[in-house]
Amino acid sequence: MKQKITAQDLIDKTAALLSKRYVRAVQEHHVVVAASVLSKAGKVYTALNIGTYQPSIATCAEINAIGMGHTAEKDFEIDMIVAMRDLPSYIISPCGKCREYISDYGPKARVVMPDDSKKGWRLVKIADLFPYKYEKKGL
Ligand SMILES: [Zn+2]
């Protein structure tokens, strides 16, 4: 029987990668965010952001993790996703660009969002985080 992967498992994997690879410096290897994606197939993909000297062209960790899943699985779909930053690590809300990716690659995805509860997070549906998304009509 396949072991169920929980939100806490994703948080732990994300924090572990960030702890191992964290680099805060204004240079091309600036790494401050890690993200983990759980696919509908039950696989986990964990990635770092790719920083650049020009911050506006850097790539978010969430998008890199989604790219890993998209590459590995033909019918890849996001079940759950979390992003964390800094050391000590804390959960962050995905940016607008990432919400677009999450919605496209996981219309029913659950996003681990920071909150003020004792455990510090809760699961929110991407449709609630990103309503009225961009859609192409008539194609
Ligand atoms: Zn982002």
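So, here's what we can say about the structure. (Residues numbered from 1 in each chain as written. Predicted model: local features only at pLDDT ≥ 70, side-chain atom pairs only at ≥ 80, totals over all residues.)

1. Comments concerning the overall build of the protein chain
Operational definition: Put simply, DSSP marks the helices as runs of H or I at least four residues long and the strands as runs of E at least two long, and each gets a number from the N terminus on. A radius of gyration in this sense is built from C-alpha atoms; the matching globule rule multiplies 2.2 Å by the number of residues raised to 0.38. In this scheme every C-beta is placed from the backbone, and a residue whose C-beta has 20 or more other C-beta atoms within 10 Å is buried, one with 12 or fewer is exposed, and one in between is partly exposed.
Looking only at helices and strands, the protein chain features four helices and six strands. Secondary structure elements of the protein chain, listed N to C terminal, follow the sequence α-β-β-α-β-β-α-β-β-α. Its C-alpha radius of gyration of 15 Å places the protein chain within 12% of the 14 Å reference for a compact globule of 139 residues. The C-alpha extent of the protein chain, read off along each of the three principal axes, is 45 × 40 × 30 Å. Across the 139 residues that make up the protein chain, the buried fraction comes to 33%.

2. Here we look at the nonpolar core
To be explicit about the condition: Residues enter a nonpolar core if they are buried, belong to Ala, Val, Leu, Ile, Met, Phe, Trp, Tyr or Cys, and are joined to the set through C-beta atoms within 7 Å. Each residue gets a C-beta atom placed from its backbone, and two residues are in contact if those atoms lie within 7 Å.
One finds Ala 34, Ala 35, Ala 61, Ile 81, Val 82 and Ile 102 to be the most contacted residues of the largest nonpolar core, which totals 36 residues. Elements with a contribution of two residues or more to this core: helix H1 (7–21), strand S1 (33–39), strand S2 (44–48), helix H2 (61–72), strand S3 (78–85), strand S4 (90–92), helix H3 (96–105) and strand S5 (110–114). A per-element tally of this core places S3 first, with six residues. Dropping the residues within four chain positions of it, Ala 61 is found in contact with Val 33, Ala 34, Ala 35, Ala 47, Leu 48, Asn 49 and Ala 83.

3. Comments concerning the pairing of S5
Successive side chains on a regular strand alternate, one facing one side of the sheet and the next facing the other. Quick reminder of the rule: Note on pairing: two strands pair once DSSP finds at least 2 bridges between them.
The sheet contact formed by S3 and S5 spans two bridges and is parallel. The partner of Ile 81 across the bridge, within S5, is Val 111. As judged from the five bridges shared by S5 and strand S6 (residues 121–125), these two strands associate in the antiparallel manner. Residue Arg 110 lies in a different strand from S6, and its bridge partner there is Lys 125.

4. Notes on the environment of Gly 96
Position of Gly 96 among the secondary structure elements: in helix H3. On the basis of neighbour counts, which here come to 8 C-beta atoms within 10 Å, the residue Gly 96 falls in the exposed class. Here the alpha-carbon distance between Gly 96 and Leu 129, two residues 33 residues apart in the chain, equals 9.4 Å.

5. A look at H1
Our working definition: To estimate how far a helix should reach, multiply one less than its number of residues by 1.5 Å.
Over its 15 residues, H1 extends 21 Å from the first C-alpha to the last, a length consistent with the 21 Å expected when each residue adds 1.5 Å. Packing partners of the buried residues in H1 comprise S1, S2, S3, S5 and S6.

6. Considerations on the packing of H2 against H3
To characterise two packed helices, one gives the angle between the axes of the helices and the distance between these axes. Here is the rule: Only the contacting stretch of a helix is used when fitting its axis, a line to C-alpha atoms as for every element, and angles between N-to-C directions run 0 to 180 degrees. In what follows, roughly perpendicular refers to angles from 65 to 115 degrees, roughly parallel to angles under 35, roughly antiparallel to angles over 145, and oblique to any angle outside these ranges. Crossings are classed by handedness, with left-handed meaning an anticlockwise turn of the near helix from the far one by less than a right angle and right-handed meaning a clockwise turn. Amino acid classes used here: Ala, Val, Leu, Ile, Met, Phe, Trp, Tyr, Cys and Pro are nonpolar; Asp, Glu, Lys and Arg are charged; the rest, including Gly, are polar.
Where H2 contacts H3, the two axes come as close as 9 Å, and the packing angle between them is 25°. Comparing the axis directions of H2 and H3 gives the class roughly parallel. Between H2 and H3 the crossing geometry is left-handed. Where H2 abuts H3, its residues Glu 62, Ile 63, Ile 66 and His 70 lie against Cys 98, Tyr 101, Ile 102 and Tyr 105. Broken down by class, the residue content of the contact of H2 with H3 amounts to six nonpolar, one polar and one charged.

7. Quick word on the environment of Asn 64
Of note, Asn 64 is situated in helix H2. For Asn 64, a count of 19 C-beta atoms within 10 Å corresponds to the partly exposed category. Distance in space between the C-alpha atoms of Asn 64 and Tyr 53 is 18 Å, their sequence separation being 11 residues. The residues contacting Asn 64, other than those within four sequence positions of it, are Ala 47, Leu 48, Asn 49, Ile 50 and Thr 59.

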